[in-house]
Structure formats: structure tokens, C-alpha cells
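Close look at the chain arrangement
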Amino acid sequence: MIKRDIVIIGGGPAGLAAAVAAYDAGTRDILVIERDERLGGILGQCIHNGFGLHTFKEELTGPEYADRFIRQVKDRGIECKLDTIVTNISDTRSVTYMNGSEGVVTIEAGAVILAMGCRERPRGALGIPGYRPAGVYTAGTAQRLVNIEGKCVGKRVVILGSGDIGLIMARRMTLEGAKVLCVAELMPYSSGLQRNITQCLDDFGIPLLLSHTISKIYGKERVTGVDVSEVASDRSIMPGTAVHYDCDTLLLSCGLLPENELTRQAGIDINRITGGPDVRDDLETSAEGVFACGNVLHVHDLVDNVSQEAMRAGKMASAFVSGRTRTDGPVLKVVTEGGIRYSVPQYISPSEMEDSITVRFRVDGVYRDRKLCVYLGSEKLKEQRKNIVKPGEMEQAVILKKDLEPAAGTDTIKLCLED
Ligand SMILES: Cc1cc2nc3c(=O)[nH]c(=O)nc-3n(C[C@H](O)[C@H](O)[C@H](O)COP(=O)(O)OP(=O)(O)OC[C@H]3O[C@@H](n4cnc5c(N)ncnc54)[C@H](O)[C@@H]3O)c2cc1C
């Protein structure tokens, strides 16, 4: 059986940053496996700028940002297998991959880092009435067709869902000469970043219809139009509100799902809300020596946060293969309440954590003038005023190790919003 110290599944920004950090922490035998024919993940098709403001203090395009990490991986001589798909992993860190030159190969990894990214929610998952005509694309597929393959996907476009990819594609399609008629969003708020609403819709006069959805798609061969209807607070369609739009293209930007089939196969605990694995503060999943980072763990809005998280996974995986063992100290469960939907990590070990840990979380609605509070058991550790928090923008709280040391007698850390 072939043995490798660290195997990283996915060569997107998460996998690349994890590889660099694992190398810099002292591990030399690292293998990155990527199913695409190039490294960089989804960033290769994101030719707009806005990447890397935190990491490099510069506004880069997606390919430029990815290239910075690809060069670091190459400079360190880290092996990357491209055009190679991982088909199975086990909870004891056997990794099976397949490619055209080697066939099916199984290797034993000292540690595994899951960095498989996420995929878009397809039309089938949305249940919109109508035939299955050409002209309905997920926004990311349209982005690849336009930006990588140089194809024009349509001339009159309606977009369902105001996730960041949909917003970015509204601008992209307009710049390509198409008319974007509207973006319809089911929720009373957008799930995208405010900067994308301003720069991609407002600047181009594209209306954002909140609390609206597509109630019917017309056309048998190719989309000929859609009905856009208002929805009530329970998200049911309000009869008599349908407005018809003549269009040849419908783009769907209705959410991203962490790509966790391999994780599930391995029997690793998956979080009901994030769709990614539950992890401890060192980003280890419920399987010993299997770490996770990036969009496979939870969907991020900014790639800078992905890189930061992935570097931590790389460093921790390196420590694991170097023989770091767990202590018997307490493990605290992070619980979320009062407007906070989820947090990552889900568990913190005060005796093993570094001096501080950044807990990332998302809220379940738009809240103004609230306090973010962190409790250790019933004791309030900190509060921080928030003028506004929105589901589309990931938030974070830094928790200090010294504050958790008197953890005896409690087994939870609570994050919540208070008036
Ligand atoms: C349209 C769009 C616009 C965005 N705009 C911005 C922006 O302006 N600014 C910003 O900061 N962020 C932006 N982001 C977010 C950022 O691009 C993502 O957060 C980041 O790419 C996530 O990195 P990742 O490595 O986790 O996932 P990915 O980039 O998706 O990489 C995952 C990789 O894993 C590979 N893989 C999956 N399964 C397997 C398998 N079984 N075997 C082998 N390989 C596998 C995939 O092929 C892929 O290359 C945008 C994202 C999108 C989609």
C-alpha cells in the first residue's frame, strides 16, 4: 500500500493554502488531488476583481488570487495530481482516486484534508412548474460558459436568487450586451454581499425584487418567458401577483451546497445546518486525522476567510502527522441561539486550543442594533455591538483561551444576539 503523510482533496483556494501551511509547518510528503485539469478551483472562472483585499491588501481577480497560491505550491515542490478524482475515503484515512494514467489507486494517508468546495442548488431542487427547456442555467454554469468558454448564454435574462454568483452574473451578462430584466429573491432580504448589490445591480439599474419568486417557466424547446410572483411571509405564492417577463434565459442563484458525498461515505458527522462536517477548533472532523476547510466545511463569502481557515487546517494536519496527541481536557460544544443560525467550529477544547480561536457564524435574518454575546455556561465572556447583521455576510467572534480556562462545571459556549 502506498503511504503519504498528508493527502489534500481539492486544489481550490482551500486545498492550496492548506498545502502551503502544512509544508511550512514541516511536513514534506504532501499530495494535492484535483479532479479538474488545472488548480485554483472556482476562482478560475471568477474574472471580476474583489479578491484578496484582506490577504494581499490588493484587489485581485479570481485567477490572480489563485495564481499567488499556485506559485507558492509550485515553489515548495508540492506534488499535485490533476485530472484525478477521489472516489472514496474511509474513516481510517484510506483515499481512493482514479485517473487516466494510473487507473484506480488506494493510498494510506497520515492525515487527510477535505477541501472539495461546494456546488450550486440545481433547478430540480427548486420545484418550479413548467417544461425543461434550454436556457435554464445555474449562475455558476453560465459564468463558466461566458468567462471560460466564451459563449453567450442569452440575450434577455431573469435571475432567480440573489446569491453572490447571481449578482455577479447580472453585471457580467449586462457587460456582454444582454438585458437583465430583474433579480427575484424569495426572502425579504438578499443573501449576497451588500457590495455586490451596489456594484452589480444598483450601478446598472437592475431591479432586485425581494419576496418574489418564479411561479412558472414558459417554453418547450427554449425558455420564452417566466412569471414572477410575490410571496407571502410563509413564502407561499400570492395569487394574482404574477408579472410576465419575456426572456430567453433564466439563471438560478439559489444557494450552494458543500460537496460532502465523500465525507458522508466515510461516516463522518455532518452538520444539519451547514451541510459540512462538524469540526473542533483544530478543524478536525469526527474522524481522527481528517480535517476540513473552505466551502466543503461551510459556504464562505470571502476567499480570504477560506485561505485563513485552510492554513489552519494545514498546520493542524501537519501537527497531527508529527505525533500531536489529544489531552483528556474538556471539550465545549458551541451552541447558537437568538438569531444565530450556526457556528464553525462546533467544538472547542480549551486545553488544546491556541491562544485564541476565531468562531465564524451566520445569522438567520436581518438584525439592527443588537449585541453579539458570548457566554461560557451562564457567565457572559464578551459582548460586541453590531449595527446590522445579515445572513449574506459571515460574522466572526474571537474567543481567548485564557477566558475559557475556568471551564470547569460547564460544557457549552453560547453565541447569541441580544437587544
Ligand atoms: C461566482 C463566485 C463569485 C465569487 N466572488 C468572490 C469575490 O468577489 N471575492 C471573494 O473573496 N470570494 C468570492 N467567491 C468565493 C470564493 O471563490 C470561494 O469562497 C472559494 O473559491 C472557495 O474555495 P474552496 O477551495 O473551498 O472551493 P473551490 O474553489 O470550489 O475548490 C474546490 C476544488 O475541489 C475539487 N474537487 C471537488 N471534489 C473533488 C474530488 N472528489 N476529487 C478531486 N477534486 C475534487 C474541485 O474540482 C475544485 O477545484 C466567489 C465564489 C463564486 C462561486
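Residues numbered from 1 in each chain as written. Predicted model: local features only at pLDDT ≥ 70, side-chain atom pairs only at ≥ 80, totals over all residues. Heavy atoms only, no water.

Once that is clear, we can look at the packing of aromatic side chains. Following the criterion strictly, the structure yields 4 aromatic pairs and no others. On the basis of an interplanar angle of 45° and a centroid distance of 5.5 Å, the ring pair of Y65 and F69 is categorised as tilted. Of this pair, Y65 and F69 are both found in helix α2 (residues 62-75), 4 residues apart, which corresponds to roughly one turn of the helix. Among the residues examined, Y65 registers a relative accessible area of 0% and is labelled buried. (Phe/Tyr/Trp six-rings, centres within 6.5 Å; stacked < 30°, edge-to-face > 60°. Helix = DSSP H or I, 4+ residues; strand = E, 2+ residues; numbered from the N terminus. Buried < 20%, exposed > 50% of the residue type's maximum accessible area, 1.4 Å probe, protein only.)

Counting 62 residues, the largest nonpolar core has I8, V95, I113 and L114 as its most contacted members. In this structure, this core is formed jointly by two domains, domain 1 (1-120 + 256-325) and domain 3 (327-419), each of which donates at least three residues. If we ignore the near neighbours within four places in the chain, the residues touching L114 are I9, I89, T263, I268, T285, V290, F291, A292, C293 and V296. Counting 21 residues, the second-largest nonpolar core is a separate cluster that includes A139, I159, M169 and C200. (Core = buried A, V, L, I, M, F, W, Y, C linked by side-chain atoms within 4.5 Å. Domains from an automatic or database assignment. Contact = heavy atoms within 4.5 Å.)

Now for helix α3 (residues 139-147). With 7 of 9 residues buried, α3 is to be regarded as a mostly interior element. Of all the residues in α3, the buried ones are A139, G140, A142, Q143, L145, V146 and N147. Residues of α3 that are buried in the fold lie against β9 (118-120), β10 (136-138), α4 (164-175) and β17 (249-252).

Taken as a whole and judged by the stated rule, the model has 27 salt bridges. The salt bridge partner of D29 is R4, with a shortest N-O separation of 2.7 Å. Taken together, the residues D29 in the loop between α1 (13-24) and β2 (30-33) and R4 in strand β1 (residues 2-9) connect sequence positions 25 residues apart. Exposure remark for R4: the relative accessible area of 16% places this residue in the buried category. The partner of E383 in a salt bridge is K380, and the shortest N-O contact between them spans 2.8 Å. Given a relative accessible area of 43%, E383 falls into the partly exposed group. Taken together, the salt bridges that share partners define one network made up of R280, D282, E284, R324, R326 and E352. (Salt bridge = Lys/Arg side-chain N within 4 Å of Asp/Glu carboxyl O.)

Our next topic: the domain arrangement of the chain. Examined at the domain level, the chain breaks down into domain 1 (1-120 + 256-325), domain 2 (122-254) and domain 3 (327-419). For domain 2 and domain 3, the distance between their C-alpha centroids amounts to 36 Å. Contacts between the two partners involve 6 residues from domain 2, matched on the other side by 7 residues from domain 3. The largest share of the area that domain 2 buries against domain 3 comes from Y189, L193 and Q194, three residues that together contribute 76% of it. On inspection of domain 2 and its partner domain 3, the count reaches 0 salt bridges. Our count for the domain 2 to domain 3 interface comes out at 2 residue pairs in polar contact (both at pLDDT 80 or more). Class assignment of the residues belonging to the side of domain 2 that touches domain 3 gives a composition of 2 nonpolar, 4 polar and no charged. (Buried area = accessible area lost by both parts, 1.4 Å probe. Polar contact = N/O pair within 3.5 Å; in protein donor to acceptor, adjacent residues only side chain to side chain. Nonpolar A, V, L, I, M, F, W, Y, C, P; charged D, E, K, R; others polar.)

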